[in-house]
Number of protein chains: 2
Amino acid sequence: MSEKKVSKPCHHCKSRSASVPADTTTIHYEKFWLYRHCSSVEQSHRQAQKAGQLFSGLLAMNVVFLGSAFISSMIFNRVAITLADVWILLSVLKVLCVFWIIYYLMGTRRKPHAVLYRDTHAGHIWVRGAVLLFGSCSILLNVFEIGYSTILVRCKSNVEILFPVVAILFIGTQIYFLWHHSKDCIQVQHNFTRCGLMVAVATNLLEWLLSVTNDTLHMEMESQLREVEERFTGNETALCICPNTTICRVFQKGYILLYPFNTEYSLICSSMLYVIWKNVGRSISHHHSLERRPRFKLKGVLFGPVLGTCAVIIGACVFMMYQIQATSLDPSRQILVIYFTYYIVLLPLMSVCAVVGTIIHALEKKELDTVQNPTRSLDVVLLMSAALGQICMSYFSIVALVASNRRDVLNRLALAYSVLIILQNISQNVFVIDGLHRRHVVAAAEAKHEAKHAGHCEQHTVAAELPGEEEGTQDSVQEHSQTPPAKEEKEEDTKEEQNCEACSQRRMSVLELGQEIRKFSLSYIQTYSRLTWKRRVLREISFFLVLCNIILWIMPTFGSHPLFENGIERSFYGYSTWFVIVNFGLPLAVFYRMHSINGLLEVYVTA
Amino acid sequence: MSEKKVSKPCHHCKSRSASVPADTTTIHYEKFWLYRHCSSVEQSHRQAQKAGQLFSGLLAMNVVFLGSAFISSMIFNRVAITLADVWILLSVLKVLCVFWIIYYLMGTRRKPHAVLYRDTHAGHIWVRGAVLLFGSCSILLNVFEIGYSTILVRCKSNVEILFPVVAILFIGTQIYFLWHHSKDCIQVQHNFTRCGLMVAVATNLLEWLLSVTNDTLHMEMESQLREVEERFTGNETALCICPNTTICRVFQKGYILLYPFNTEYSLICSSMLYVIWKNVGRSISHHHSLERRPRFKLKGVLFGPVLGTCAVIIGACVFMMYQIQATSLDPSRQILVIYFTYYIVLLPLMSVCAVVGTIIHALEKKELDTVQNPTRSLDVVLLMSAALGQICMSYFSIVALVASNRRDVLNRLALAYSVLIILQNISQNVFVIDGLHRRHVVAAAEAKHEAKHAGHCEQHTVAAELPGEEEGTQDSVQEHSQTPPAKEEKEEDTKEEQNCEACSQRRMSVLELGQEIRKFSLSYIQTYSRLTWKRRVLREISFFLVLCNIILWIMPTFGSHPLFENGIERSFYGYSTWFVIVNFGLPLAVFYRMHSINGLLEVYVTA
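Residues numbered from 1 in each chain as written. Chains lettered and ligands numbered in written order. Predicted model: local features only at pLDDT ≥ 70, side-chain atom pairs only at ≥ 80, totals over all residues. Heavy atoms only, no water.

### Quick look at the overall build of chain A
Selection criterion: In this description a helix means any DSSP run of H or I spanning at least four residues, a strand means any run of E spanning at least two, and both kinds are numbered starting from the N terminus. Only protein chains enter the accessibility calculation, which uses a 1.4 Å probe; a residue is then buried when its area is under 20% of its type maximum, exposed when over 50%, and partly exposed in between. In this description, contact between two residues means that some pair of their heavy atoms is separated by no more than 4.5 Å. Residue burial considers only the protein chains on display, and all accessible areas are found by Shrake-Rupley using a 1.4 Å probe.
Within chain A, the secondary structure is distributed over 23 helices and two strands. Residue burial in chain A is summarised as follows: out of 607 residues, 54% are buried. Look at the contacts in chain A between residues 6 or more apart in sequence, and 87% of them connect residues 24 or more apart. Split by element, the accessible area of chain A, about 27200 Å² in all, is 66% carbon and sulfur.

Pasting the structure below:
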């Protein structure tokens, strides 16, 4: 723990500690038996890195394939391989991961010079927040499962209570690990760490696969047979029906409500672990580690939040109507029409916003950021590949709708919906990918200015609030056109050092808190009018898109599947084929929405 | 045509023309409306390249998804979408591609400074040879189809004769394009060229998808219903049976025999087109373009070819026995035992060879090649992803075999087969990927030496054959330890220039041809004993693996599918599930073998 604190300096002095260049003698260059005859130690290091990645990647691939085969066998041959077998495999993997994480925290990380650099782009606060939130939901889900099993203990084996306990242990450890160490660039025990990380990635992917297949099976049951209760209790215990007590109902409802979070949790963890894996052995350049990330501020946006909130509220109403109708025994066509109409109004609006945003990006005089950045590369790849799921479903739907050639309203609406979904996905992807590559010049200047302010212990701001703010903006505009000399910065740094400790103590005073609230409300309107119109529009657009994506995430996640329930495609392709297509596309589509939110927030902050 | 000749100089003067540095004013830097505010023209160029790749990639994605939806609809709903609809879509795409290729040859490529660089790594002779061979087979296939349709013209529509004609046109144009222009790095009309290439890639991928789904359907028919004839005539013409004439039989047999080549052809074309697409707008550094590729020589290997040929002959016998047995109405278990035994003997041998090769690579004092090389990157990605198909099938098979828990010989053999396949795939991948990254130092020295010889018009070699050869080898050894000064090289270049024309005329004289044959047979044994043991072992291993992969390619390609026919997994997973798994895995496994041959030949040449 003590070591962790050393590597995490006082918030205000962060930039100073990062600016101390790491001694080159402390760097552990990687070696690999395959590459011993390289001319330079750097080249050998790079090749050893690649080889290490190859071997740990192969390990993960084998684990994933083995697990997939297990899960498929469980689905298609319930006699030979049961759900319990799959759980045993997953529990073994989870225990391995927990051991590795403990070893990492106690052993690897405490070695001298284990973590020289931290990747500022990795593990952003809202990604970690999502892990914390979804992880907590998953723990709650497992608690419900334990409670449910305890009630039905007479017809369930005791082993079934053990699995959720292991799962809780795993999720808890993983949340702790990801919260504190997602930025680490580990410089020791490279290959062991890589293998550990890859086993964790594989475990999370398998957990996701199991959730998805179970979830869709569940969906199928609901829409087809409406015999939730019998099935819910598992495979072997088809006769083990929940007694009609309130607590049992609560467990069941909670399980259904919390289930989607568990699915998303596994995917986010996989992607975060992957970034840590990419960062193993990576040395970040001095300039790069100095770069400070802009903070999320709700200043300077008005129309975006308002319009977005409207979209969310209307969407929530449509969703609730849909859910009430869909769970009734005779779902009417009318609700499908309303559902599709909502999408058909919203999607073109989103597409237009994304296109306008892309055009504004082109008009803006901003440099492109071409520094290596595994987090961003992964974001781009995930955005593109997650969109494939939705686009694939839409194309299948389009062909079915056109070929079946029915001329009614529902058919036309469904067709328009599918076409618009494709357009929206593509335009949004272009907007987000383009935005992620813009360098955050203005905000960087702002951050610098802010650090200066902090160094001066808010003397300026307390004395003359609004003039100080004005000066800051002028300053940032000035810096935008010409960067200040480095010398000045150094002097500032020295001052910062002296004032740092005193300021962190004073900061928490209640007096300032009250002043800051007043300052915030006063400056909000001023900032709004002062931002350049381009930046303002970009922020409005990204905020609006964030809110739209939230509602578009909620609707399919919690049970609206009109593509499955309208029946046109289902009758065209046949039940099982369309089920497989939706089974593949829907989890990706849901993940796409969530991942878009992440990307759009990034664009919002850097705009 | 004339322009093409200008860019393709005399074979012996190749290195000279490549050494003329391209004038920087002739380079067409790419621009893109999205990226206008970059500090440097290079950065803007790079970003424009990325944007162009993104947009053309999106185009291809949409085409592929639309086509996939068409093909799936055709398979699952034969009433609304027929094979004819799919053919119409593909024909439209093919016509578009043909027009683009013609425009490229007539328009784009004739513009000033259209092709300043040529990627020496792209379009290697045996890849182009494979395209030529497989393309010719595909043309023949289409000719058979036309013939077959003409015979049955009374019950087929005339449109069905049109499709093969379009296909022949497309294949012919594409072969010409790939044969002559696969090395081009186009510097004009970047985005139009990218879009053209991507449409061609999408068309080939769809053609592959159609072939694979049709092929596996065909397979299913053969193994299940043995009613080839009725089905063979197509969907709508189930009553249109071929009259019992010889020519009709020939067409049918030829169709079945040539079918696999068509499938492979589409995949190879896609990968070649993808490399050209990656090379659009790429400028290759001077040093890189100077590098001369080593030629394929059969010198210095003995055990590899002998052992490999044995493996091929035995494999061919097993294959024929299998085919005779499998097409009989009552396939015996004995032939499956023989088949699996053959694999179980061969696969460990191959794995051991690959591991030994990897170890020797590590022992060798060779530099690693870290120059950017799209062909190699694609090779690595294709090797890894194609191996996934086989590995996935094997894991599913392992789980099924272990879980079904039957204790007979066939079960154990199948289990060993699956485990060994995984090990062989992984070890071979590591060996090939590692080998592709080794720089070809010794051979480069040899090539230089050869060029010198050519410059001297074989005066040495004709006068004193064996001493000259000896001197050459000594020379190459010397160059290996210390590179000659650049000055000397330049003088040699001047001499080469003077002698070049005279030598190319003299070269073809019959006298020399006879001498060269004598020289070859004499020097073969000498070269064999003179190569260092490491290089020799590497060559033996890669040659052996090439031959093994050839036979392992032939067996599944032409109809042996023991994983499908042994029935264990089929009964475990259920018919349709196992069929889907094999349907996904088998085409990839077949492509993996073919692609491995390519990679191993590369390793052989550079060893």
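Back to the write-up after that little detour.
### Quick word on the nonpolar core
This is how it is decided: Here, nonpolar core refers to any group of buried Ala, Val, Leu, Ile, Met, Phe, Trp, Tyr and Cys residues whose side-chain atoms link them within 4.5 Å.
Counting residues in hydrophobic clusters, the biggest one holds 290 residues, and the most contacted among them are A:Phe177, A:Phe431, A:Leu545, B:Phe177, B:Phe431 and B:Leu545. Ignoring anything within four residues of it in the chain, the contact list for B:Phe431 reads B:Ala354, B:Gly357, B:Thr358, B:His361, B:Leu538, B:Ile541, B:Leu545, B:Leu600 and B:Val603.

### Overview of the packing of aromatic side chains
All names here are of chain A. Definition in use: Side-chain rings of Phe, Tyr and Trp, where Trp is taken by its six-membered ring, are said to pair if the distance between their centres is within 6.5 Å; with planes under 30 degrees apart they count as stacked, over 60 as edge-to-face, and otherwise as tilted. Note on criteria: charge over ring means Lys NZ or Arg CZ within 6 Å of the ring centre, with the direction from the centre no more than 35 degrees off the ring normal.
A full pass over the atoms with the stated rule returns 38 aromatic pairs over all chains. Judged by centre distance (5.6 Å) and plane angle (35 degrees), the ring pair of Tyr274 and Trp277 falls under tilted. Separated by three residues within a single helix, Tyr274 and Trp277 lie in helix α9 (residues 246–279), roughly one turn from each other. An aromatic cluster is present here, built from Tyr322, Tyr339, Phe340, Tyr342, Tyr343 and Tyr417 joined pairwise through their rings. A cation over an aromatic ring shows up here: Arg539 above the ring of Tyr604, its NZ or CZ 5.0 Å from the ring centre.

### Describing the pattern of salt bridges
Definition in use: Basic side-chain nitrogens of Lys or Arg form a salt bridge, by our definition, when they fall within 4 Å of a carboxyl oxygen of Asp or Glu.
Within the structure shown, the criterion is met by eight salt bridges over all chains. Its salt-bridge partner being A:Arg282, residue A:Asp119 comes within 3.2 Å of it at the nearest N-O pair. One end of the pair, A:Asp119, is in the loop between β1 (115–118) and α5 (125–151); the other, A:Arg282, is in the loop between α9 and α10 (286–290), and 163 residues separate them in sequence. Across this residue pair, the class does not change: A:Asp119 and A:Arg282 are buried. Of the charged contacts in the structure, one is a salt bridge between B:Asp184 and B:Arg118, with a shortest N-O distance of 2.9 Å. Note that B:Asp184 is positioned in strand β2 (residues 184–186) and B:Arg118 in strand β1 (residues 115–118), a separation of 66 residues in sequence. Take B:Arg118: its relative accessible area is 21%, and that puts it in the partly exposed class. Each member of the salt-bridge network shares a partner with another, and the members are A:Arg109, A:Arg118 and A:Asp184.

### Some thoughts on the packing of helix α20 (residues 533–557) of chain B against helix α23 (residues 575–606) of chain B
Residue and element names in this part refer to chain B. Note the cut-off: Here an angle of 0 to 180 degrees is reported between the N-to-C directions of two axes, which are lines fitted to C-alpha atoms, with helices fitted over the stretch in contact. We call two directions roughly parallel when the angle between them is under 35 degrees, roughly antiparallel when it is over 145, roughly perpendicular when it lies between 65 and 115, and oblique otherwise. What makes a crossing left-handed is the near helix being turned counterclockwise from the far one by less than a right angle; a clockwise turn instead makes it right-handed. Lys, Arg, Asp and Glu make up the charged group, whereas Ala, Val, Leu, Ile, Met, Phe, Trp, Tyr, Cys and Pro make up the nonpolar group; the residues left over, Gly among them, are polar.
For the pair α20 and α23, interaxial distance at closest approach is 9 Å and the crossing angle is 165 degrees. By the angle between their directions, the pair α20 and α23 is classed as roughly antiparallel. Classified by chirality, the crossing of α23 by α20 is left-handed. Along its contact with α20, which presents Arg539, Ser542, Phe543, Leu545, Val546, Asn549, Ile550, Leu552, Trp553, Pro556 and Thr557, the element α23 presents Val590, Arg593, Met594, Ser596, Ile597, Leu600, Leu601, Val603, Tyr604 and Val605. Classifying every residue of the contact of α20 with α23 gives 15 nonpolar, four polar and two charged.

### A look at the confidence of the model for chain A
Residues and elements named next belong to chain A. Defined as follows: You can read pLDDT as the predictor saying how much it trusts each residue, on a scale of 0 to 100.
Summarising the model, chain A shows a mean pLDDT of 75, and 68% of its residues fall at 70 or more. Within chain A, helix α1 (residues 2–7) has the poorest average pLDDT of any element, 37, and helix α4 (residues 83–106) the best, 93. Contacts from residues 1–24, a stretch scored under 50 in pLDDT, to residues over four places away or in other chains number 30 contacts. A low-confidence stretch, residues 223–239 stays under pLDDT 50, and its non-local contacts, those more than four residues away or across chains, total 30 contacts. Overall fold confidence (pTM) sits at 0.75, and the ipTM for the predicted complex is 0.72.

### Things to note about the packing of helix α9 (residues 246–279) of chain B against helix α13 (residues 374–404) of chain B
Each pair of packed helices can be described by the angle between their axes along with the distance between the axes. All names here are of chain B. For the pair α9 and α13, the least separation of the axes is 9 Å and the interaxial angle reads 140 degrees. The angle between α9 and α13 falls in the class oblique. Note on packing geometry: the crossing formed by α9 with α13 is right-handed. In this structure, α9 contributes Ser271, Tyr274, Val275, Lys278 and Asn279 to the contact, and α13 contributes Pro374, Thr375, Leu378 and Leu382. Classifying every residue of the contact of α9 with α13 by side-chain character gives five nonpolar, three polar and one charged.

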